[in-house]
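# Remarks on the overall topology
One-letter residues, chain by chain:
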Amino acid sequence: MSLVEVLVAITLLAISSLLLLRYAQTLHSSEQTQWQRREIWRQLAQRLEGGGEELRYLNEQATMADGGCHWQRVEWHPPNHSPLYLERLRCP
């Protein structure tokens, strides 16, 4: 093998290694974001049931409905993110 072939092979190996590293970082970041959102959904469900811990940026509302029922809504609205919310109809 010539020196040029070796240099080309090393360059291709370096580029493919960098691309794989970048892909792994993106995958890790995506997985972490999804885990955080799943955790927020779990905490919202707990708050809707009347338990759970206090969350920052959490709003709770109750709106009257027919027949003595009311809608209960918990919403998490952090800065720079889209809000997440859960609603539930509660009847006596």
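For every chain, the first residue of the written sequence is number 1, and numbering continues from 1 along that sequence. The predicted nature of this model means local features are confined to residues of pLDDT at least 70 and side-chain atom pairs, given and counted, to a pLDDT of 80 or more, with totals for whole chains, interfaces and linings taken over all residues. Side-chain numbers come from the whole structure's heavy atoms, not from hydrogens or water.

## What about the state of the cysteines?
Formally, a disulfide is one covalent bond, and it connects the sulfur atom of one cysteine to the sulfur atom of another. By definition, disulfides here are pairs of cysteine sulfur atoms that lie within 2.5 Å. Evaluated as defined, the whole model comprises one disulfide. Covalently, Cys 69 is tied to Cys 91 through a disulfide, its sulfur atoms 2.0 Å apart. Disulfide Cys 69-Cys 91: torsion about the S-S bond near 110°, hence right-handed. You can see Cys 69 sitting in the loop between strand E1 (58–64) and strand E2 (70–76) and its partner Cys 91 sitting in the segment after strand E3 (84–90), a full 22 residues away along the chain. Residue Cys 69 is classed as buried on the basis of its relative accessible area of 9%. Three labels apply to residues, based on accessible area from a 1.4 Å probe with only protein chains included: buried if under 20% of the type maximum, exposed if over 50%, partly exposed otherwise in between. Taking relative accessible area as the criterion, Cys 91 reaches 47% and is therefore assigned partly exposed. Numbering of helices and strands runs from the N terminus, with a helix taken as a DSSP run of H or I at least four residues long and a strand as a DSSP run of E at least two residues long.

## So, the nonpolar core
Generally speaking, a soluble globular protein has its nonpolar side chains buried in company with each other. Think of a nonpolar core as a cluster: buried Ala, Val, Leu, Ile, Met, Phe, Trp, Tyr and Cys residues, connected wherever their side-chain atoms sit within 4.5 Å. Judged by nonpolar contacts, Ile 40, Leu 44, Leu 48, Leu 55, Leu 58, Val 74, Trp 76 and Leu 84 together constitute the single largest core of eight residues. Sorting the residues of this core by element identifies helix H1 (3–48) and E2 as the ones contributing at least two each. Sorting elements by how many residues they give to this core places H1 first, with three residues. By definition in these notes, contact holds between two residues if any of their heavy atoms fall within 4.5 Å. In this view, Ile 40 contacts Trp 76 and Leu 84; residues no more than four positions away in its chain are not counted.

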